[in-house]
Amino acid sequence: MADRPYTNPLDGLYEIVGDLWNMQKLEEAAAKKQDPSSSAAGETAPAAPKAAQVPAELPSFDQIWQTADETIDWTDILSGRNTMGLDPLSPRWKFLRQHAEKVLAGSLTDYAEVLREVRPLDDMKKYAHHIRVRALSPDEITVTYEAFEEDAADNATAYEHYLCGIALRCARDVFAVLPVTHVQVTASAAGKQQLHVRFIRSDMQKTLFNFIDPVDFVRDLGAEITLDA
Amino acid sequence: MEPLISKWHRELELFSSLKPLLILEGNVLDQYRYPVAGSIPEDELVPLSRYLHGYFSDHGYDQIVFYSNLIGFMNPYQPDMLRDYAALTGQTVENGVIPAEFKGNDAKTAPNVIRRSMLNSKKATVQILELASHYITTPERMDQLDVNSFNLLLQAALSASTVRTIYGKKQNLLILVVNKLNDLPAWFYLNNPICKTITLEAPDRDERKRLISGPAFPTFFDSSVYRTDFPYYAEHPEDLEKLQEKFVGLTEGMTFTELDALRNLSRREMTPIRDLCTIVDLYKYGIRSNPWESLSMKSLKHAKQDLEKRVKGQDVALERSLDVVRRAVTGMNGLSSSSTAKPKGVLFYAGPTGVGKTETAKALAEKLFGDESACIRFDMSEFGESHSDQKLMGAPPGYVGYEAGGQLTNAVKKQPFSILLFDEIEKAHPTILDKFLQILEDGRMTDGQGNTVYFSECIIIFTSNLGMYVKDALGNRHANVTMDMTYPEVERQIRSAVEDFFKLELGRPEILNRIGENIVVFDYIRQEAGEAILDAQIKKIIRRMDEQKQIRIVIPEEAFKELHDAALADLSNGGRGIGNQVESLLINPLSRWLFEMEVMSDRTVTIDHFLTKANPPAVVCHLDEKGSD
């Protein structure tokens, strides 16, 4: 989990959509993002949601699904147990303490606040574009992203690996920061859906990610994978 | 929530201002709950060293240092304190520690350094000697240098200065942390007015309750589980309280470290709040589904009929045994006691030999756990020596057989859900009975290797022939009960003899108290039960001969009466006696006859007569013509 200042939640290409009941705020956030003056220095405004302008090849994402962001133990935070080793006077600790009760009560507004603050998928932006996170219910989060197009990969197998690896990592990062039971991930490229999969928290809990093949894992969950090849 | 302060914390508070030498002993390797907010958050579980550091820094001590004979002086929590301490005592810090041997006459040895710091009146200093049990091999084998070292510590404590601080006057302190007090030389602490020993215990009921019902409660659950499950319990606090009470009962005797392990296990397993208590089974026994909870009331309703198929003529004994099982299944065992960690039930079977005591235990095991092998039998006549407890519980470290562990502890570790049958308990050495006291009271036992074994899922059955014979004033044995007596008379006589054995002969009424009203007296095998046993045994023999050898045995009514009268003539040896008679009057003569007639298979044999008075007994038989049957 990146430790960034709380005051600049929407820099770069990142885009978070929070709960459905809070769309106005999100639209404002999107408008703010469109405004070049609000972007971090040196960053360009995001492209319209379409297939990403692909570099010659896929960025290296070796074993990206094997790691994940640090878990936020909301029950610990609610009880005042600082197991994350944060400075008790730090803004991050105060923020987490402030939201713990409502997050554990399933408040979608607080989910959105946490996503804006923690930005769990921020480190994924070099692998995919227009990553959107949406809280459908206290139980479920959806993640959508625009993947690189298939011809960026050496072959269909590598591309499948890429799609599934990113999806798995996105799900792990979301599970790490919010107490949801399910994460749905949908990947598209060039306007076509390439992958749709629903991850279940309890299945992920005991998985040894060092030893899995992301494609097999995602397929075992009943994923729909549609490739052109 | 009101702060909950443990007894040892209060003692520390009191005596750290009164005595310069404190010895902390007991459960010192555990973690402890810090009771009041300070440099450590309230209710946080921390190791003892951090606890002491937090406590003394909160109370205004300037310097807190820890000493280990393997490392030297250190302070992992506040290294600047160590630098000040080095300056004060004229030492140098190397790689974060002040190296110092415990033993020796050098001025740089730890006792000399400690003495200098205790004398200082500028900085209020606490020196904590960790794992002080291991500075010497044993107190009995100390050489002069060891004695000198402890003597210097004693002198250091005697000459402790008082320091003025902004929090008031503070006395320099020396604290020794030991596993057992007798790891230290007795002259160091006995009759020592400047020394106070503080015993650290495993968390009591209140501490455990605090952990599971206080603000720490959510920490036992994965965040998603808590979010999903807690709304129900927020609306039904009475259900939550019941759950927490049960957890508190089940965790009796556990350390804070174990409770913390339960917490981590529960989170990792994503245990739902309603299944909180299953995590205790998972931790103790490695399984989540408790066979006791999966027993159906329906199957137990017919348990008596099932048991009667194996044990004849013991109506009262079976009923009383099943009472104990019903108590266990309905969760009513231990309701009269504060402990829920006790065994599920305790039974003391007494009565004549061969009447079905062991068979009842095996039948119960099959009924409860689906397998007769869940009845683990110990012949206590093998444990008649005073050192036999090592066979049961395991030898202590350094002794032959240490690695093997104990027979009892190993068996229970392997099969925690079982019936433990201690046959002929009166033949065990009295020191072994002491071990049973702990098992019956606390439901746990620590083996020679230091592993705790739990008996809380077992039924413990003792069997005994006590009360069958009594000694008169001349020491001659004579029968205390006879077959002429009615069952109530037999029961009264045997019960009274069992009570006399524990109270008068052994002088251990406390063992009897643990058994309570669970002495079950088995009746003699009476005529009707004897007939049923004989009938069952004959049928079994006929069936097996047919199945295994295809030899069909026919016993006409007249011949059967001869066998019946001879086999049931003396019922004083019980069912086993009937079995012996069947072997002598039927099996041996019949096999002799079959051997002589070279009948090996596929024939029909009719036994015309049993020559029961012959020596050896014989049978008169004839073979039916082949094919005619």
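I will try to describe carefully the structure that is included in this document. Every value quoted in this text rests on a predicted model; they were computed, and no experiment measured them. Every chain is numbered independently, its residues counted from 1 as its sequence is written. All chains are assigned letters beginning with A, and all ligands numbers beginning with 1, in the order in which they are written. Selection of residues for local features in this predicted model requires a pLDDT of at least 70, selection of side-chain atom pairs for listing and counting requires 80 or more, and totals for whole chains, interfaces and linings are taken over all residues.

## What to know about the overall build of chain A
Move 1: In this text, helices come from DSSP runs of H or I with a minimum length of four residues, and strands from runs of E with a minimum of two, each type numbered from the N-terminal end. Counting its secondary structure elements, chain A contains seven helices and five strands.
Move 2: Secondary structure elements of chain A occur, N-terminal to C-terminal, as α-α-α-α-β-β-α-β-β-α-α-β.
Move 3: Whether a residue is buried, exposed or partly exposed is read from the other C-beta atoms within 10 Å of its own C-beta, which are placed from the backbone; 20 or more gives buried, 12 or fewer gives exposed, and intermediate counts give partly exposed. Within chain A, the fraction of its 229 residues that count as buried is 38%.
Move 4: A pair of residues counts as a contact when their C-beta atoms, built from backbone coordinates, are within 7 Å of each other. Of the contacts made within chain A by residues no fewer than 6 positions apart, 69% connect residues no fewer than 24 positions apart.

## Some thoughts on the sheet that holds strand β22 (residues 618-623) of chain B
Neighbouring strands of a sheet are bound in pairs by backbone hydrogen bonds; such pairs are parallel or else antiparallel.
Residues and elements named next belong to chain B.
Move 1: For two strands to be treated as a pair, DSSP must find no fewer than two bridges joining them. Taken together, three strands build an open sheet; the order of strands is β20-β21-β22 and the sheet is mixed. Lying at the two open borders of the sheet, with one neighbouring strand each, are β20 (551-554) and β22. Mean inter-strand twist for the sheet, computed between neighbouring axes without regard to direction, equals 35°.
Move 2: Of the pairings in the sheet, the one linking strand β21 (residues 603-611) to β22 comprises six bridges and is antiparallel in character. Throughout, an axis means a line fitted to C-alpha atoms (over the contacting stretch in the case of helices), and angles, computed between N-to-C directions, take values from 0 to 180 degrees.

## As for the interface of chain B and chain A
Move 1: In this complex, chain B contributes 13 residues to the contact, which on the side of chain A involves 17 residues.
Move 2: In this count, Pro and Cys sit with the nonpolar residues alongside Ala, Val, Leu, Ile, Met, Phe, Trp and Tyr, while Asp, Glu, Lys and Arg are called charged and the others, Gly among them, polar. Here the residues of the side of chain B that touches chain A are counted per class, giving seven nonpolar, four polar and two charged.

## Observations concerning the pairing of strand β8 (residues 168-171) of chain B
Residue and element names in this part refer to chain B.
Move 1: Note that strand β7 (residues 162-165) and β8 share four bridges and pair antiparallel. Of the residues in β8, the one forming a bridge with Arg164 is Lys169.
Move 2: Between β7 and β8, which pair antiparallel and follow one another directly, the connecting turn spans two residues.

## Overview of the sheet that holds strand β4 (residues 63-68) of chain B
Residue and element names in this part refer to chain B.
Move 1: Pairing is mixed across the open sheet formed by six strands, whose spatial order is β5-β4-β6-β9-β1-β10. Since the sheet does not close on itself, it has two edges, and those belong to β5 (72-74) and β10 (195-200), each with one partner. Adjacent strand axes in the sheet meet at a mean angle of 20°, parallel and antiparallel pairs treated alike.
Move 2: Looking at chain direction, β4 and β5 are connected through three bridges and run antiparallel. Following the sheet pairing, Ser68 is matched in β5 by Gly72.
Move 3: The strands that helix α2 (residues 48-58) touches are β4, β6 (125-129) and β9 (173-178); relative to β4, the one it contacts most, it runs at about 160°.

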